[in-house]
Amino acid sequence: MPDWIAAILLGLIEGITEFLPISSTGHLLLFEQMFGIKAGDLYLIVIQSGAVLAVIPLFWTRLQQFACNWHSRDTRAYLLKLSVAFVITGIGGLLLEKANFKLPDTPLPIALALLIGGALFLLIERWLQGRPLSNNITWTIAIAVGLGQLLAAVFPGASRSGTTILVMLALGLNRPLATEFSFLVGIPTMLAAGGLRIFRALHNPPPGAEPENWPMVALAFVVSAIVSFVVVKWLLRYVQTHTFSGFGWYRIALGILIIVAVVARQ
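Residues numbered from 1 in each chain as written. Predicted model: local features only at pLDDT ≥ 70, side-chain atom pairs only at ≥ 80, totals over all residues. Heavy atoms only, no water.

Undergrad: So what's going on with a nonpolar patch on the surface? Which residues, and what values?
TA: Nonpolar side chains collect at one region of the surface, where Phe86, Val87, Ile91 and Leu95 lie side by side and expose about 360 Å² of accessible area between them. Residue placement: Ile91 occurs in helix H5 (residues 73-98). Ile91 gets classed as partly exposed once you look at its relative accessible area, which sits at 48%. (Patch = residues over 30% accessible without salt bridge, like charges linked within 9 Å, V, L, I, M, F, W, Y side chains within 5 Å. Areas by Shrake-Rupley, 256 points an atom, 1.4 Å probe, with all protein chains shown as cover. Salt bridge = Lys/Arg side-chain N within 4 Å of Asp/Glu carboxyl O. Helix = DSSP H or I, 4+ residues; strand = E, 2+ residues; numbered from the N terminus. Buried < 20%, exposed > 50% of the residue type's maximum accessible area, 1.4 Å probe, protein only.)

In structure tokens, the structure reads:
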């Protein structure tokens, strides 16, 4: 496959899946299994950053509220809860790094995480039927979101957005607020983690690592950013009137597909 086609496809996959609760890791793994293409860590980190940066304008009103209305008690409380969730994730990530935690590089754990997450979405949405949902982000929710991000970091395929949204739904928060809070926590989390990893990769490249094809990385970055903006804008409207059950069924199907692909290659 020509490099430019691979770059466009990787950008499309990352842009579509980064914020949807369906695991970008699972989709990238399936792409690699199908086409035998293995993108480097730096490549994936850069295009992930493109997807994250692109959605910031979608939350411009909220960000302006933080900057211009910070004296409001409600605004300060919301910002503090975001900060607590971010700090919990950051401290947990540093502890995992000190413990030399390594992500599993085999597809079956990712498929399992997809299947479990999909089943949980179906169960929780069924449990929520007919129940009144809250529009109040509590401290319990903020702490749970920080822990949920750590859980997603330990179990690739769980999906960061999927795990945090599941946690908030289980605690009774309504879908639009759960989606917004998940994304607002995820933006600084992923940019901080991505920035650190990019800095390390550029200043201390692994021995024998091949130089990146930066024009292709840039192409994938742009595609990822454009697609991510469109997808997140759609999702923010979608959750106003729909449940997450469709994503649950999709995760289950993708988990099964990954298992089939692994078995077929053996």
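Past the structure itself, the notes keep going.
Undergrad: Please provide a residue-by-residue account of the packing of aromatic side chains, values included.
TA: Considering all chains together, one arrives at eight aromatic pairs under this definition. Measuring from centroid to centroid gives 5.7 Å for Tyr78 and Phe181, while their planes differ by 80°, and the two rings are edge-to-face. Here Tyr78, found in helix H5, pairs with Phe181, found in helix H9 (residues 175-203); they are 103 residues apart in sequence, far enough to count as distant. Accessibility assignment for this pair places Tyr78 and Phe181 in one class, buried. Their ring planes at 40° and their centres at 5.8 Å tell us that Phe244 and Phe247 sit as a pair that is tilted. Phe247 matches Phe244 in its accessibility class, with the two residues each being buried. (Phe/Tyr/Trp six-rings, centres within 6.5 Å; stacked < 30°, edge-to-face > 60°.)

Undergrad: So what about the confidence of the model for the protein? Which residues, and what values?
TA: Mean pLDDT over the protein: 88, with 97% of residues reaching 70 or higher. Within the protein, no element has a lower average pLDDT than helix H2 (residues 24-35), which sits at 79, and none a higher one than helix H8 (residues 160-170), at 95. (pLDDT = per-residue confidence, 0-100.)

Undergrad: Go over the side chain of Gln48, please, and point to the residues and values.
TA: Checked against the element boundaries, Gln48 lands in helix H3 (residues 41-55). Setting aside chain neighbours within four positions, we find Gln48 in contact with Glu14, Glu18 and Met190. (Contact = heavy atoms within 4.5 Å.)

Undergrad: Hey, could you go over H2 for me, with residue numbers and the actual values?
TA: Taking 1.5 Å as the rise per residue, H2 with twelve residues should run 16 Å; its terminal C-alpha atoms sit 17 Å apart, in good agreement. H2 sits mainly inside the fold: nine of its twelve residues count as buried. Among all positions in H2, only Ser24, Gly26, His27, Leu28, Leu29, Leu30, Phe31, Glu32 and Gln33 are buried. Downstream of H2 by a residue or two, Gly36 has a phi angle that is positive, lying close to 65°. (Expected span 1.5 Å × (residues − 1).)

Undergrad: Describe in detail the side chain of Glu125, supporting the description with residues and values.
TA: Turning to its location among the elements, Glu125 is positioned in helix H6 (residues 107-128). With residues up to four places along the chain from it excluded, the contact list for Glu125 reads Leu169, Arg175, Thr243, Phe244 and Ser245.

Undergrad: Could you give an account of H5, with specific residues and numbers?
TA: Counting along an α-helix, one turn takes 3.6 residues, and residues three or four places apart therefore face a common direction. Between its first and last C-alpha, H5 extends 37 Å over 26 residues, near the 38 Å set by a 1.5 Å rise per residue. Considered for burial, the residues of H5 that qualify are Thr75, Tyr78, Lys81, Leu82, Ala85, Thr89 and Gly92. Contact partners of the buried residues in H5: helix H4 (60-68), helix H7 (139-154) and H9. Asn100 lies just past H5 and shows a positive phi near 60°.

Undergrad: Explain the packing of H5 against H7 residue by residue, including any values.
TA: In the contact formed by H5 and H7, the axes pass within 8 Å of each other and the chain directions differ by 30°. Judged by the inter-axis angle, H5 sits roughly parallel to H7. Crossing of H5 against H7: the hand is right-handed. Listed contacts from H7 to Leu80, Lys81, Val84, Ala85, Ile88, Thr89, Gly92, Gly93 and Leu96 of H5 are Trp139, Ala142, Ile143, Val145, Gly146, Leu147, Gln149, Leu150 and Val154. Looking at the contact of H5 with H7 residue by residue, the class counts come to twelve nonpolar, five polar and one charged. (Axes fitted to C-alpha atoms, helices over the stretch in contact; angles between N-to-C directions. Parallel < 35°, antiparallel > 145°, perpendicular 65-115°, else oblique. Left-handed = near helix turned anticlockwise from the far one by under 90°. Nonpolar A, V, L, I, M, F, W, Y, C, P; charged D, E, K, R; others polar.)

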